[in-house]
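# Secondary and tertiary structure notes
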Amino acid sequence: MKPVHDMGVAELAAALKSRAVSSREATQGLLSRINAHASLGAFLHVDTDGALARADAADALLAAGSAGPLTGVPMAHKDIYVTADMPTTAGSKILAGYRSPFDATVVAKLNAAGTVSLGKLNCDEFAMGSANENSAYFPAHNPWDVSRVPGGSSGGSAVAVAARLVPGVTGTDTGGSIRQPASFTGITGIKPTYGVCSRYGMIAFASSLDQAGPMARSAEDCALLLSAMSGFDTRDATSVEQPPQDFHAQMLAGRDGATAAKPLAGLRIGLPKEFFPAGLSADVNAAVRAGLAELEKLGATLVDVSLPRTELAIPVYYIIAPAEASSNLSRFDGVKFGHRAAKYDDLLDMYKKTRAEGFGAEVKRRIMIGTYVLSHGYYDAYYLQAQKLRRMIADDFQQCFAQCDLIAGPVAPTVAWKAGTGADDPTQAYLADIFTLPGSLAGLPGMSVPVGSGEGGMPVGLQLIGNYFKEGQLLHAAHALQQATDWHLAAPSGY
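Treat the numbers as computed from the prediction; the structure is a model and nothing was measured. (Residues numbered from 1 in each chain as written. Predicted model: local features only at pLDDT ≥ 70, side-chain atom pairs only at ≥ 80, totals over all residues. Heavy atoms only, no water.)

## Points about a nonpolar patch on the surface
Residues Tyr372, Tyr378 and Tyr382 make up a contiguous nonpolar surface patch of about 280 Å² in total accessible area. Turning to its location among the elements, Tyr372 is positioned in helix H12 (residues 361–374). (Patch = residues over 30% accessible without salt bridge, like charges linked within 9 Å, V, L, I, M, F, W, Y side chains within 5 Å. Areas by Shrake-Rupley, 256 points an atom, 1.4 Å probe, with all protein chains shown as cover. Salt bridge = Lys/Arg side-chain N within 4 Å of Asp/Glu carboxyl O. Helix = DSSP H or I, 4+ residues; strand = E, 2+ residues; numbered from the N terminus.)

## Topic: unusual backbone geometry
For the peptide bond that leads from Gly152 to Ser153, omega is 0°, which places it in the cis range. With respect to the helices and strands, the residue Ser153 is situated in the loop between strand E3 (116–121) and helix H5 (155–162). At Ala90, a position not held by glycine, the phi torsion is positive, near 55°. Positionally, Ala90 belongs in the loop between strand E2 (74–78) and helix H4 (105–112). According to the relative accessible area criterion, Ala90 is buried, its value standing at 0%. In this structure, Asn132 is a non-glycine residue whose phi angle is positive, near 65°. (Buried < 20%, exposed > 50% of the residue type's maximum accessible area, 1.4 Å probe, protein only.)

## A few points about the packing of helix H7 (residues 219–229) against helix H15 (residues 471–484)
In the contact formed by H7 and H15, the axes pass within 8 Å of each other and the chain directions differ by 150°. Taken together, the axis directions place H7 and H15 in an arrangement best described as roughly antiparallel. Across the interface between the two elements, Ala219, Glu220, Cys222, Ala223 and Leu226 of H7 pack against Glu471, Leu475, Ala478, His479 and Gln482 of H15. Partitioning the contact of H7 with H15 into residue classes produces 6 nonpolar, 2 polar and 2 charged. (Axes fitted to C-alpha atoms, helices over the stretch in contact; angles between N-to-C directions. Parallel < 35°, antiparallel > 145°, perpendicular 65-115°, else oblique. Contact = heavy atoms within 4.5 Å. Nonpolar A, V, L, I, M, F, W, Y, C, P; charged D, E, K, R; others polar.)

## Considerations on the pairing of strand E11 (residues 459–466)
With 8 of its 8 residues buried, E11 lies for the most part within the structure. Judged by which residues are buried, E11 turns out to be covered on both faces: Pro459, Gly461, Gln463 and Ile465 on one side and Val460, Leu462, Leu464 and Gly466 on the other are all buried. Sheet topology note: the strand E9 (residues 406–410)/E11 ladder contains 5 bridges and is antiparallel. Note that in E11 the partner of Leu406 across the bridge is Gly466. In this structure, strand E10 (residues 446–453) lies alongside E11, joined through 6 bridges in antiparallel fashion. Each residue of the ladder has a partner; that of Pro450, found in E11, is Gly461. (Pairing = 2+ DSSP bridges.)

## A short note on the pairing of E3
Counting buried positions over the 6 residues of E3 gives 6, a clear majority of the element. Here strand E1 (residues 43–46) pairs with E3 via 3 bridges, running antiparallel. By the bridge assignment for E3, Phe43 is matched with Leu121. Across 4 bridges, the pairing between E2 and E3 is parallel. Looking at the pairing, Lys78 lines up with Leu121 of E3. Between the parallel elements E2 and E3, the chain passes through H4 in a crossover that is right-handed. (Right-handed = clockwise from strand over helix to strand, strands pointing away.)

## Considerations on helix H3 (residues 48–64)
Between its terminal C-alpha atoms H3 stretches 25 Å, which fits the 24 Å expected from 17 residues at 1.5 Å a residue. Taken together, the buried residues of H3 touch helix H1 (9–17), helix H2 (23–36) and E3. A positive phi of about 75° marks Gly65, the residue just after H3. (Expected span 1.5 Å × (residues − 1).)

## Things to note about empty space enclosed by the protein
The tally for this structure, following the rule as stated, stands at 5 cavities of 30 Å³ or more. Of the voids in this model, the largest cavity is the one considered here, and its volume is about 90 Å³. Taken together, 15 residues form the lining of the largest cavity, with Gly129, Ser130, Ser177, Tyr317 and Asp433 sitting closest to its centre. For the lining of the largest cavity, a count of residues per class yields 5 nonpolar, 8 polar and 2 charged. Quantified by volume, the second largest cavity comes out at close to 40 Å³. Taken together, Val196, Ser230, Gly231, Phe232, Val240, Gln242, Pro243, Pro244 and Gln245 make up the full set of residues lining the second largest cavity. For the lining of the second largest cavity, a count of residues per class yields 5 nonpolar, 4 polar and no charged. (1 Å grid on protein atoms, 1.4 Å probe; cavity = no way out; pocket = protein on both sides within 12 Å on 5 of 7 lines; lining within 4 Å. Points joined across faces, edges and corners; volume = space filled by probe spheres on them.)

## Regarding the packing of aromatic side chains
All chains considered together, the criterion is met by 14 aromatic pairs. Residues Tyr372 and Tyr382 carry aromatic rings whose centres are separated by 6.0 Å and whose planes lie at 50° to one another, so their mutual orientation is tilted. Of this pair, Tyr372 sits in helix H12 while Tyr382 sits in helix H13 (residues 379–401); the two residues are 10 residues apart in sequence, bridging distant segments of the chain. With relative accessibility at 39%, the residue Tyr372 sits in the partly exposed group. Pairwise contacts between aromatic rings join Tyr98, Phe126, Phe332, Phe337 and Phe359 into one cluster. For Arg289, the ring lying beneath its charged end belongs to Phe276, and the centroid distance is 4.2 Å. (Phe/Tyr/Trp six-rings, centres within 6.5 Å; stacked < 30°, edge-to-face > 60°. Lys NZ or Arg CZ within 6 Å of the ring centre and 35° of its normal.)

## Comments concerning the pattern of salt bridges
Summed over all chains, the structure comprises 18 salt bridges. A salt bridge links Lys120 to Asp79; the shortest N-O distance between them is 3.0 Å. Residue Lys120 is located in strand E3, and its partner Asp79 is located in the loop between E2 and H4; the two are separated by 41 residues in the primary sequence. Asp79 matches Lys120 in its accessibility class, with the two residues each being buried. One salt-bridge network, held together by shared partners, links Asp145, Arg148, Lys418 and Glu455.

Written as structure tokens, this is what we have:
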């Protein structure tokens, strides 16, 4: 049997079910790896005692023959989800030491499925960032090259999977924060349709954009995790009321007319010309084209399409998301929970000092931008216009889906950049979201699938975008690609 850390979710679940390894043994082995590679900065909190207790409970279920498909599988959660038995900080000092009285719905669902939570994962403060350099505690480092960023905001989640510290994790995606770090670290990640996973207990950044999703080694692993963590939640007004989905079964379902050699026969994949601009780096373009060529070999047909408002996605997103953030983050004022300034003169002074001390530079920047665009005299000029353009961007996608089944392209214009590169110009990192933002603004499902490497041997991800509630189709295409290639099996040296 291969080492536990080399197993993905599906493989480890099978080993646990056959009793080839116990959940306690798997948990102990991964906890040792987490400690040995603490310098990567993936974890903000490791719950050793709690994890072992949960592993023992899982082993009891496995021994009794009453286990589910994920019982005993160790994983970890992005520190944007509140957890009753572990601290939750959202990567911010304003929530240092905070403990929630309840679990986020996504966490509760995965706990009910039998997974063993090992701890909380590093992230950009309040999920605001594209590099995991905005964490108030310490940055996460890309295991492929520790001098480079792992992407963000789910950087700690991506690092934990890429470095073989855990087989699967939760992330969140507001403007690309699952897909971009997955691409930068050579793993698989999926953002489902907005509303498929509950946002209850997910600390809000931009409520109309935030969505939970899994990150793991393969499409099959993501399908298993997404099946467990999704579903209607009456406590979330934006949760979509639909029957429980078995995304793993949808992933395995064959297409009409498909064969073993051509499992994607009849699948039309649209290539927006705006996703392949002159500014796309040559190494990323080559890797993405290689992935597309493999999809063609599997029977898919490539179709040229257009998303003419792609360039507008950046200004639209960076008006809408900060506007929502300025409202959501007003609750962090030092009154009911979290950090409170030690010295202040009156209530207003307490507010000011608490927020000045507790929030980092990027969070303050976005709060100020959001407050400005929502202020009297500017709401119509900025926020309202951005919402109109958002609708137009969504309409562009529907016009594309009249010509194709999936849309494909790069996740980011380059491979992971060197840490500290954007320190002098924080808006430069915003431009790296050009290919992920349109799908987020439209609320569409999207995923990143490894398709080789670029400059410096750094991973490159292929982005696949589906129409609403077509996660099964996305996962099927990604799984077929991964069954035919081994890009997703590559691991960074030393891990």
